[in-house]
Amino acid sequence: MPEAKPYNISKQLVWDAYQRVKTNRGAAGVDGESLAAFEQDLKGNLYKVWNRMSSGSYFPPPVRLVEIAKDNGGKRPLGIPTVADRVCQTVAKMVLEPLVEPVFHPDSYGYRPGKSALDAVGMARTRCWATAWVIDLDIKSFFDSLDHELLERAVAHHTDIPWVRLYIARWLRAPVQRLDGTLEQRTRGTPQGGVISPLLANLFLHYAFDIWMHRHFPGVRFERYADDAIVHCRTEQEARKVLEAIRGRFAQCRLELHPMKTRIVYCKRDGRPGDYANVSFDFLGYTFQPRLAKNRRRECFIGFLPAISAKAATAIRTTIRRWRLASTRNNQSLEDLAQLVNPVIRGWMNYYGRFYRSKCVHVLRHLNRALAAWVRRKYKRFRRRERASVHWLGRIAQRDSTLFVLWQLGVKPEAGL
């Protein structure tokens, strides 16, 4: 009779976890094994995952470090686990998440079932209308600074399942493999890119921030998406008081607010006299600032409203340029280009076009310029005839306005150039 495993982890749970990993895909880890390679011996690999996790002998391999360029010129470190490790982390997440999700604060929006970044932006928009001051919080290097001891205490508060606590402790301390192959041991932080990291980050900030705010400032509203948060206050005096309290609270939790990026913002609009040094802030790809708008009677007024941020707009234009439609795709048809770009354009529009839609549409007109350049490169008769290439595209758009998502929005080539 086979010896019983010390930890009761079902094979079905491992299979379900693999299905989620397969859906999310992702790059290879330090072992270089892709998802396709993992699936070549799927049954054997999943058995190894189950056997090692249920016996307590699973030790996570190092996390492969990848540095992603940030808008400010810096780099954001991402940790890429192996495929097998992603399955293991998903197993633990599927057990832990149902235990902690019901206790999370309703104004925590990041990486939670049934909540989204747009929900957070929409709530922030409503509350900026109701209160005149915002604290724009920026936690300095949160994912690199997260305290292991405090986090493990939070996990233990919600589960006494030994293997969940054991493997979370091991994942937190798994070394990082840098680009040159060297290993770096970790004594704090959890790598961005890990499957279970967002859940652990939410759990940490639930106690470090959400519940603390509810207890000490019950009348002060906030929206938090992972480590990105804004706090709404009625007066500047209240904002300063709350900010200093938050700064002290984070120090207790071994975190630090960024001294330059954290600031108090005045939500200036019609009906709010006076001025302030800071009258705008960025939140989840949107810039909130005074903007011209129209009410239901079509009367103009100045409201404090969100629209696509300059950083997001720059990223969109950069992506369109990187498609290199004119230089590398002039052997393709317009239908081929539409198949390439439409899913991305639709995604941008669905997100950045939710609020102050015209600003997003204006940014996406850059695609029409790229298409016109493609026409001039593909057809010799348009080589030096910019306006003619635009008119030719315009006739195509009139004949088949559904070909490109941008044209479906009514942004035809003539309007975009």
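Check the entry above for the structure.
Residue positions are counted from 1 within each chain, in the order its sequence is given. Local features in this predicted model are restricted to residues of pLDDT 70 or higher, and side-chain atom pairs are both shown and tallied only at a pLDDT of 80 or more, whereas totals for entire chains, interfaces and linings draw on every residue. Hydrogen atoms and water are omitted, and side-chain values are computed over all heavy atoms in the structure.

Peer 1: Which parts of the structure should I look at to understand the packing of aromatic side chains?
Peer 2: The relation between two aromatic rings is expressed through the spacing of the ring centres and the mutual angle of the planes. Any pair of Phe, Tyr and Trp rings, taking the six-membered ring for Trp, is counted once the centres come within 6.5 Å. Such a pair is stacked with planes under 30 degrees apart, edge-to-face with planes over 60 apart, and tilted for the rest. Taken as a whole, this structure holds 22 aromatic pairs when the rule is applied. With a centroid separation of 5.6 Å and 45° between ring planes, the pair formed by Tyr-47 and Trp-50 is classed as tilted. Here the residue Tyr-47 and the residue Trp-50 both occupy positions in helix α3 (residues 42-55), the gap between them amounting to 3 residues, near one helical turn. Accessibility here uses a 1.4 Å probe with only protein chains present; expressed as a share of the type maximum, an area under 20% marks a residue as buried, one over 50% as exposed, and anything in between as partly exposed. Residue class for Trp-50 comes out buried when judged on its relative accessible area of 14%. On the numbers, 6.1 Å between centres and 35° between planes, the contact of Phe-281 with Phe-304 is tilted. Of the two residues, Phe-281 is situated in strand β9 (residues 281-283) and Phe-304 in strand β11 (residues 300-308); the sequence distance between them amounts to 23 residues. Here the two residues Phe-281 and Phe-304 agree in accessibility, since each one is buried. Ring pairing ties together the aromatic residues Tyr-286, Tyr-351, Tyr-352 and Phe-355, which thus form one cluster. Two thresholds decide whether a charge sits over a ring: the Lys NZ or Arg CZ must be within 6 Å of the ring centre and within 35 degrees of the ring normal. Its end group placed over the ring of Tyr-109, Lys-115 keeps NZ or CZ at 4.8 Å from the ring centre. By the criteria applied, helices consist of DSSP H or I runs no shorter than four residues and strands consist of E runs no shorter than two, each listed in order from the N terminus.

Peer 1: Explain the sheet that holds β9 to me, please; I cannot follow it from the model alone.
Peer 2: Strand pairs in the sheet, formed through backbone hydrogen bonds, run parallel or antiparallel to each other. In space, the 3 strands of this open sheet follow the order β9-β10-β11, with antiparallel pairing throughout. The open sheet has two free edges, formed respectively by β9 and β11, since each of these has just one partner strand. Going from strand to strand, the sheet's axes swing by 50° on average, the running direction of each strand aside. Strand direction decides the pairing type here: β9 and strand β10 (residues 286-294), joined by 3 bridges, are antiparallel. Residue pairing across strands places Asp-282 opposite Thr-287, the latter belonging to β10. DSSP calls a pair of strands paired once it identifies at least 2 bridges connecting them. Axis definition: a line fitted to C-alpha atoms, limited for helices to the stretch in contact. Angles are taken between N-to-C directions and run from 0 to 180 degrees.

Peer 1: I'm lost on the sheet that holds strand β7 (residues 228-233) in this one. Help?
Peer 2: The strand order β6-β7-β3-β8 describes an open sheet built from 4 strands, whose pairing is antiparallel. Every other strand in the sheet has two partners, leaving β6 (221-225) and β8 (263-266) as the edge strands with one partner each. Geometrically, the sheet is characterised by an average inter-axis angle of 20° between neighbouring strands, direction not taken into account. Bridge analysis of strand β3 (residues 133-138) against β8 gives 4 bridges, and the strand direction is antiparallel.

Peer 1: For this particular structure, what's the right way to read the nonpolar core?
Peer 2: In summary, soluble globular proteins display a tendency toward joint burial of nonpolar side chains. To define a nonpolar core, start from buried Ala, Val, Leu, Ile, Met, Phe, Trp, Tyr and Cys residues and group those joined through side-chain atoms within 4.5 Å. Counting residues in each nonpolar core, the largest one holds 71 residues, and the members touching the most others are Trp-163, Phe-204, Met-213, Val-231 and Ile-246. Here this core takes 10 residues from helix α9 (residues 197-216), the largest share from any one element. By the convention used here, residues are in contact when the closest approach between their heavy atoms is within 4.5 Å. The residues touching Phe-204, leaving out its near neighbours within four places in the chain, are Phe-142, Leu-146, Asp-147, Leu-150, Leu-151, Cys-253 and Leu-255. Ile-320, Ala-370, Ala-388 and Trp-407 belong to the second-largest nonpolar core, a separate cluster that totals 58 residues.

Coordinates in, geometry out; function isn't part of it.
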